[in-house]
Amino acid sequence: MAKEYWRWKEYNWQDEERDWRSASMITGGVDVGSVSSQAVVMADGELFAFSNMRTGSDSPNSALNAMNWALENTGMTIDDFDFIVGTGYGRVNVPFADKAITEIACHARGGNYMYGPTVRTILDMGGQDCKAILCDERGKVTNFLMNDKCAAGTGRGMEVFADLLGIPIEEVGDRSLQVEKEPPPVSSTCVVFAKSEAAGLLRDGWPQSKVLAAYCSAMAHRVFTLLERVGVQPDFAITGGIAKNVGVVNRLEEELGLTALKPKHDTQIAGALGAALFAKALVEKGKARKKKTSVST
Amino acid sequence: MFSQFETWYRDRHDYARRWKERTGGKVFGCFCSYVPEEILVAADILPVRVLGNHEPQDVTEQHLFGMFCPFCRDVLAQGLKGRYEYLDGITIAQSCIHLRQTYRSWEENVPHDFTYYLPHPMHVASPHAVPYLYEELKKFRAAVEQFTGKPLSDDDLDRGIRLVNENRAALHELYAHRKGPVPKLSGLEAMWVTVSSMWVDKEEHTAELRKVLAQLDEREEQFGDGTRLMLVGSENDDTDFIRMVEAVGATVVTDDHCTGTRYFWNETPELDDRIEAIAKRYVERPACPAKDHVARTRFPHILKLARDFDVAGVILIQQKFCDPHEADMVPLRSYLEENGFPTLFLEFDVTVPMGQFRIRTEAFLEMLMEEDLF
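Residues numbered from 1 in each chain as written. Chains lettered and ligands numbered in written order. Predicted model: local features only at pLDDT ≥ 70, side-chain atom pairs only at ≥ 80, totals over all residues.

1. Notes on the overall build of chain A
Working step 1: A count of helices and strands for chain A gives 8 helices and 10 strands.
Working step 2: A compact globule built from 297 residues should have a C-alpha radius of gyration of about 19 Å, and chain A, at 19 Å, falls within 12% of that.
Working step 3: Taking the principal axes of the C-alpha coordinates as reference, chain A spans close to 65 × 45 × 35 Å.
Working step 4: Burial analysis of chain A (297 residues in total) assigns 53% to the buried set.
Working step 5: Long-range pairs, those at least 24 residues apart, make up 73% of the contacts in chain A between residues at least 6 apart in sequence. (Helix = DSSP H or I, 4+ residues; strand = E, 2+ residues; numbered from the N terminus. Rg over C-alpha atoms; globule rule 2.2 N^0.38 Å. Buried ≥ 20, exposed ≤ 12 C-beta atoms within 10 Å, placed from the backbone. Contact = placed C-beta atoms within 7 Å.)

2. Looking at the overall build of chain B
Working step 1: When you go through chain B residue by residue, the secondary structure sums to 15 helices and 8 strands.
Working step 2: Since a compact globule built from 374 residues should have a radius of gyration of about 21 Å, the 20 Å found for chain B is in line with a globular shape.
Working step 3: Each principal axis of the C-alpha distribution contributes one length, and for chain B these read about 70 × 50 × 40 Å.
Working step 4: Within chain B, buried positions represent 50% of all 374 residues.

3. Concerning the environment of Pro353(B)
All names here are of chain B.
Working step 1: Residue placement: Pro 353 occurs in the loop between strand S8 (343–348) and helix H15 (354–368).
Working step 2: Take Pro 353: there are 14 C-beta atoms within 10 Å of it, and that puts it in the partly exposed class.
Working step 3: Each C-alpha atom, one on Pro 353 and one on Phe 241, is 9.5 Å from the other, the two residues being 112 residues apart in sequence.

4. Re helix H3 (residues 155–165) of chain A
Working step 1: All of the buried residues along H3(A) are Gly155(A), Gly157(A), Met158(A), Glu159(A), Phe161(A), Ala162(A) and Leu164(A).
Working step 2: The elements touched by buried residues of H3(A) are strand S7 (121–125), helix H4 (172–176), helix H5 (191–203) and helix H6 (208–230) of chain A.

5. A few points about the sheet that holds strand S3 (residues 89–93) of chain B
Residue and element names in this part refer to chain B.
Working step 1: Judged by pairing direction, the sheet is parallel, and its 4 strands sit side by side in the order S2-S1-S3-S4 without closing on themselves. With one partner strand each, in any of the chains shown, strand S2 (45–49) and strand S4 (114–118) form the two edges of the open sheet. Between one strand axis and the next, the sheet turns through 20° on average, direction left out of account.
Working step 2: Pairing analysis gives 5 bridges linking strand S1 (residues 26–30) to S2, with the strands arranged parallel. Of the residues in S2, the one forming a bridge with Cys 30 is Arg 49.
Working step 3: Those strands touched by helix H5 (residues 97–109) are S3 and S4, and its axis lies near 160° from that of S3. (Pairing = 2+ DSSP bridges. Axes fitted to C-alpha atoms, helices over the stretch in contact; angles between N-to-C directions.)

6. Description of the nonpolar core
Working step 1: Core analysis: the biggest nonpolar cluster contains 203 residues, and Val30(A), Val40(A), Val41(A), Tyr215(A), Phe278(A), Leu229(B) and Met230(B) have the highest contact counts within it.
Working step 2: In terms of residues, this core owes the most to one element, H6(A), which gives 12 residues.
Working step 3: Two domains each provide a minimum of three residues to this core, namely domain 1 (11–107 + 270–284) and domain 2 (117–260) of chain A.
Working step 4: Each residue touching Val41(A), except ones within four places of it in the same chain, is listed here: Ile26(A), Gly28(A), Phe48(A), Ala49(A), Phe50(A), Ala70(A), Leu71(A) and Met76(A). (Core = buried A, V, L, I, M, F, W, Y, C linked by C-beta atoms within 7 Å. Domains from an automatic or database assignment.)

7. Examining the packing of H6(A) against helix H7 (residues 246–256) of chain A
A packed helix pair is summarised by two numbers, namely the angle formed by the two axes and the spacing between the axes.
Residue and element names in this part refer to chain A.
Working step 1: Their axes nearest at 8 Å, the elements H6 and H7 cross at an angle of 50°. Accordingly, the angle class assigned to the pair H6 and H7 is oblique. Crossing handedness for the pair H6 and H7: right-handed. Touching Leu 212, Ala 213, Cys 216, Ser 217, Met 219, Ala 220, His 221, Val 223, Phe 224 and Leu 227 of H6 are Gly 247, Val 248, Arg 251, Leu 252, Glu 255 and Leu 256, all from H7.
Working step 2: Taken together, the residues that form the contact of H6 with H7 break down as 11 nonpolar, 3 polar and 2 charged. (Parallel < 35°, antiparallel > 145°, perpendicular 65-115°, else oblique. Left-handed = near helix turned anticlockwise from the far one by under 90°. Nonpolar A, V, L, I, M, F, W, Y, C, P; charged D, E, K, R; others polar.)

8. Structural notes on the sheet that holds strand S6 (residues 99–100) of chain A
Residues and elements named next belong to chain A.
Working step 1: The strand order across the open sheet built from 6 strands is S1-S4-S3-S2-S5-S6, with neighbouring strands paired in mixed fashion. Sheet topology places strand S1 (11–14) and S6 at the edges, where each strand pairs with a single neighbour.
Working step 2: Pairing geometry for strand S5 (residues 83–87) and S6, over 2 bridges, is parallel. Its bridge partner being in S6, Gly 86 is matched across the sheet by Ala 100.
Working step 3: Of the strands in this sheet, S1, strand S2 (26–32), strand S3 (36–43), strand S4 (46–54) and S5 are in contact with helix H1 (residues 59–71), which crosses S3 at around 45°.

9. Structural notes on the interface of chain A and chain B
Working step 1: Tallying the contact residues gives 15 residues for chain A and 12 residues for chain B.
Working step 2: Elements with a minimum of two residues in the side of chain A that touches chain B: helix H2 (103–115), strand S9 (141–146) and helix H8 (270–284) of chain A.
Working step 3: No other element matches the 4 residues that S9(A) contributes to the side of chain A that touches chain B.
Working step 4: Looking at the side of chain A that touches chain B residue by residue, the class counts come to 9 nonpolar, 2 polar and 4 charged.

10. Thoughts on the pairing of S3(A)
All names here are of chain A.
Working step 1: Here S3 lies mainly inside the structure; 8 of its 8 residues are buried.
Working step 2: Side chains of S3 alternate between two faces, with Ser 36, Gln 38, Val 40 and Met 42 and Ser 37, Ala 39, Val 41 and Ala 43 buried alike.
Working step 3: Bridge analysis of S2 against S3 gives 7 bridges, and the strand direction is antiparallel. Looking at S3, one finds that Val 30 is bridged to Ala 39.
Working step 4: Hairpin remark: S2 followed by S3, antiparallel, with 3 residues in the connecting loop.
Working step 5: Relative to S4, S3 runs antiparallel, the two sharing 8 bridges. Its bridge partner lying in S4, Met 42 is registered against Leu 47.
Working step 6: Turn length for the S3-S4 hairpin, with the two strands adjacent in sequence and antiparallel, is 2 residues, and the turn residue Asp 44 shows positive phi of about 50°.

11. Description of the domain arrangement of chain A
In many analyses, interface size is given as the accessible surface area lost on bringing the parts together.
Residue and element names in this part refer to chain A.
Working step 1: Looking at the assigned domains, one finds that chain A contains domain 1 (11–107 + 270–284) and domain 2 (117–260).
Working step 2: Relative to domain 2, the C-alpha centre of domain 1 lies at a distance of 27 Å.
Working step 3: Contact residues are listed per partner, giving 8 residues for domain 1 and 13 residues for domain 2.
Working step 4: The greatest single-element share of the side of domain 1 that touches domain 2, amounting to 3 residues, is contributed by H2.

And the structure:
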């Protein structure tokens, strides 16, 4: 079977030093995105467990799989939650969620938790779209812009390139920096056209690192224009999978003249984290769910 | 309560065909809301605003440039596909180049007994605008009279003006029911009413609307829970879009569209010279951005609507490639935001990317409201 270079690391995590049973409030966030799904479990507003996996063809199942994986070996079930918020493209298809909130609001709130209250601009570079979000010190959205209709400049585009060049996705960023001189960016904004363009560059004898540099550079420029339109205010931070790609991040920082804050958590869980924090706020406002509902896991 | 308007909105062609059978009258397609309907109504002609139907199509490529707006493509497709085969004539009042090309292609490819291009002042703030339009309207009147074979008397024109004004007044009253803290109707219902008024016989439409207005105070259904929004932009008759906006927690309470308030907001005044009165009305109506330079009278008008209808935010929505609206969007957004009205900008195509629009609309509503989350 051919190696799937696009495949990023799917994993789950839990804070093994913490006993969730002593917490007075358990809240959850599930982010069913177009490419990846995450579930986050918070105990009294602190991160307790999460999972990060590929989204399947069925949103309800993806949500359930992500949550089950986050809960693996914790002894917790969905019945133990006080409130769960669904977010992402599949937010209305999370069968066990009590409320759906957009990923724009959730990334702002999650970014605020991950990067602290000084963050004012959050760039969510997701699987199939990008969002430039301005927020206040609480992580409340004050303005936002999304890219239009097309997957260029997003995670899925990067996966396509990893596969085309036969380079594991985690290495794409580093490899793209291994060029002596920055090549011109690929000119096509469409992933399909950009792929054809890259194939042409390879045929012309460009090394893989140079082609990757050209693509990372194009992607950085594309999101730069989005940020410029919304009006970047420091501090600046990036969430989503592409935040892990130094080839895009470094180039974007250079273009912006700003350094992105360093993340304390996996940047892919920002949306689910924000959702779980909103769940906590809603419980505090008296909107807890009835415990022991009959949802099977 | 609004089912008749929904039916008229949906079955527009059936309505016009039946009207023709019933009255034996003529039906004219109007390509812009600047067409002086008073003169057509005075001549017993049914004015029908020609709109698209939001379906993908492949018949207009050879007629229109790629960067012309999706609305003009959609409109032309209706003509080329024979959907308006019952029209006896077509007419356009000059507003934008895109729609004029649509009109020209339609005129060349779809036969009608009557076609009339009505030059219309592009600089409506100019002191020459009314005298200019006055002269053009006299020629238009003469052309209509020649077509029907019947001269229009002052009494005919008075009747035309009265019937159109009565409809405008009723639409105003309907919008007044959206001003209070609990709107008496949804934005979708308002759209059915306003858009259908652009092709239903004025007298019939007004009578039906009067029936609804008489019952509206007693209506039990409430629309006070949604976030109050205003829609501003190009032509918009997309009920799927407004339905989605209201399904995610908003109530649309007013608009500035040529298929909404711009169409009916001001009445034709009473003047001895009826044609001068009509000219004044169309020059002084809330301006289309194609005609509003350099004055930009529409900005304070839009702000007043936003304040009068107490909206929490404004969705600015334009047809893709609509140059006049595009030119206004940046300063208009700044103007509204400086005056305390947050905005969301969206771009229409022939079909709407509903998932994308939905998330933006929901996030906008969350931005406006969700204090509970903090």
